[in-house]
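# What the coordinates show
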Amino acid sequence: MDQAVPASANTEFPIPANTHAETVTLVEHYTDRLFRFRITRPASLRFRSGEFVMIGLPNAERPVFRAYSIASPSWDDELEFFSIKVPDGPLTEHLQKIKVGDTVLMKKKPTGTLVLDALLPGKRVYMLSTGTGIAPFASLIRDPETYEKFEEVILTHTTREIAELRYGEDLVAAIKEDPLVSEFATGRLRHWTSVTREPYEREQRITTAIENDSFFADLGVAPFDPAHDRVMICGSMEMIADCKALCEKAGLTEGSNARPGEYVVERAFVG
């Protein structure tokens, strides 16, 4: 087995085929479990907002790669990622220690189903997320195309603790000041949050809030309707399964790049 070492160590390993080697430009730690980082963007990279790429570190002959949603929109000149910290994670154990100037590896082919192309036209799009599952939606809510396709964009973020909501809160606040996106998002982007392990104004899981209709009451809208509502889901396996069941119960059908539908999910995770 390869012996992994921190990315910042003074070692050299060959860059794997079909892989970009990019430079870290920013690292921001939110809690002892969450951080974001930005890297340079390869000039040749093209991706759709909401897609993910495989990320790794140049710390072994055969480096570990994990799927990471690109949190920056397709027009950004850098790439942003939002990550958990896993003490003994094959990748995140080392990734959480990166610094500005370090190298991050990225496979060349982005992919994923949390894209606008996988949804049928509609009036309102819900983006349901838990934890770092907000990352693909961080890309989509900063993409003008999202507002061209939907009249209303509802971003939800459920975390265990209040401090873990900050990434999304900062993101939504920044959009209001963004010269490119603010004119599209103002009055149309809505942000619903909940917390499960601390006292909070909405202390419940997103699935519970949907089931008891408090979610829709908070927003002043009717429950999911396949005629005009579209749903995108990203979070833990349990959350995805539960949200899928709620969508199916409401009459929504799952979409894909090949066959667009009323809801889509992503199953790519990091560790």
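So, here's what we can say about the structure.

Rules behind the numbers
- Residues numbered from 1 in each chain as written.
- Predicted model: local features only at pLDDT ≥ 70, side-chain atom pairs only at ≥ 80, totals over all residues.
- Heavy atoms only, no water.
- Pairing = 2+ DSSP bridges.
- Helix = DSSP H or I, 4+ residues; strand = E, 2+ residues; numbered from the N terminus.
- Axes fitted to C-alpha atoms, helices over the stretch in contact; angles between N-to-C directions.
- Contact = heavy atoms within 4.5 Å.
- Phe/Tyr/Trp six-rings, centres within 6.5 Å; stacked < 30°, edge-to-face > 60°.
- Buried < 20%, exposed > 50% of the residue type's maximum accessible area, 1.4 Å probe, protein only.
- Lys NZ or Arg CZ within 6 Å of the ring centre and 35° of its normal.
- Expected span 1.5 Å × (residues − 1).
- Arc of directions from axis to C-beta.
- 1 Å grid on protein atoms, 1.4 Å probe; cavity = no way out; pocket = protein on both sides within 12 Å on 5 of 7 lines; lining within 4 Å.
- Points joined across faces, edges and corners; volume = space filled by probe spheres on them.
- Nonpolar A, V, L, I, M, F, W, Y, C, P; charged D, E, K, R; others polar.
- Salt bridge = Lys/Arg side-chain N within 4 Å of Asp/Glu carboxyl O.

### Side note on the sheet that holds strand S7 (residues 124-130)
Strand order in this open sheet of five strands is S9-S8-S7-S10-S11, and the pairing throughout is parallel. Edge positions in the sheet fall to strand S9 (189-195) and strand S11 (263-265), since each of these pairs with one other strand and no more. Strand-to-strand twist of the sheet, defined as the mean angle between neighbouring strand axes without regard to direction, takes the value 15°. Across seven bridges, the pairing between S7 and strand S8 (residues 152-159) is parallel. When the bridges of S8 are listed, Thr130 appears paired with Thr158. Together, S8 and S9 form the strand contacts of helix H4 (residues 166-177), whose direction differs from that of S9 by roughly 165°.

### Thoughts on the packing of aromatic side chains
Tallied over the entire structure, the rule returns 13 aromatic pairs. Judged by centre distance (5.9 Å) and plane angle (90°), the ring pair of Tyr30 and Phe82 falls under edge-to-face. One end of the pair, Tyr30, is in the loop between strand S1 (19-29) and strand S2 (34-40); the other, Phe82, is in strand S5 (residues 78-84), with 52 residues separating them in the sequence. Here the two residues Tyr30 and Phe82 agree in accessibility, since each one is buried. Between Trp192 and Phe215, the aromatic rings sit 5.1 Å apart at their centres with planes inclined by 90°, giving edge-to-face as the arrangement. Within this pair, whereas Trp192 is found in strand S9, its partner Phe215 is found in helix H7 (residues 214-219), the two being separated by 23 residues in sequence. Through pairs of rings, three or more aromatic residues link up here, namely Tyr126, Trp192, Phe215, Phe216 and Phe224. A cation over a ring is seen here: Lys107 above Phe65, with NZ or CZ 4.6 Å from the ring centre.

### Observations concerning the environment of Phe137
Considering the arrangement of structural elements, one finds Phe137 in helix H2 (residues 135-140). Exposure remark for Phe137: the relative accessible area of 0% places this residue in the buried category. When the C-alpha atoms of Phe137 and Leu155 are compared, they prove to be 7.5 Å apart, with 18 residues separating the residues in sequence. Residues within four places of Phe137 in sequence aside, it is in contact with Leu114, Met127, Leu128, Ser129, Leu155, Met232, Ile233 and Cys234.

### Details of helix H8 (residues 237-249)
Compared with the 18 Å implied by 1.5 Å per residue over 13 residues, the 18 Å span of H8 between its first and last C-alpha is a close match. Listed in full, the buried residues belonging to H8 are Met239, Ile240, Cys243, Leu246 and Cys247. Down the axis of H8, the buried set is contained in an arc of 130°. They therefore lie on one face. Along H8, the residues that are exposed and aim more than 90 degrees away from the buried face are Met237, Glu238 and Lys249. Buried residues in H8 make contact with S7, helix H6 (206-211), strand S10 (229-234) and S11. Just downstream of H8 lies Gly251, where phi reads positive at about 95°.

### Remarks on the sheet that holds S5
Strand pairing in a sheet is mediated by backbone hydrogen bonds. Such pairs are either parallel or antiparallel. Taken in spatial order, the six strands of this open sheet run S4-S3-S6-S1-S2-S5, and their pairing is antiparallel. Each end of this open sheet is capped by a strand with a single partner; those strands are strand S4 (65-69) and S5. Shown here is a sheet whose adjacent strand axes are inclined to one another by a mean of 40°, direction ignored. Two elements, strand S3 (residues 52-56) and strand S6 (residues 103-107), share two bridges in a ladder whose sense is antiparallel.

### A short note on the layout of surface pockets
To locate leftover empty space, one rolls a probe as large as a water molecule over the atoms. What the largest pocket holds in volume is close to 740 Å³. Taken together, 31 residues line the largest pocket, and the ones lying closest to its centre are Thr130, Gly131, Thr132, Gly235 and Ser236. A class-by-class count of the residues in the lining of the largest pocket yields 13 nonpolar, 11 polar and seven charged.

### Things to note about the pattern of salt bridges
Applying the stated criterion across every chain yields a total of 18 salt bridges. Close ionic contact of Glu28 with Arg166 constitutes a salt bridge, the shortest N to O distance being 2.8 Å. Separated by 138 residues along the polypeptide, Glu28 in strand S1 and Arg166 in helix H4 bring together distant segments of the chain. Residue classification places Arg166 among the partly exposed positions, given a relative accessible area of 34%. When the shortest N-O distance is used, the salt bridge between Lys149 and Glu145 registers 3.4 Å.

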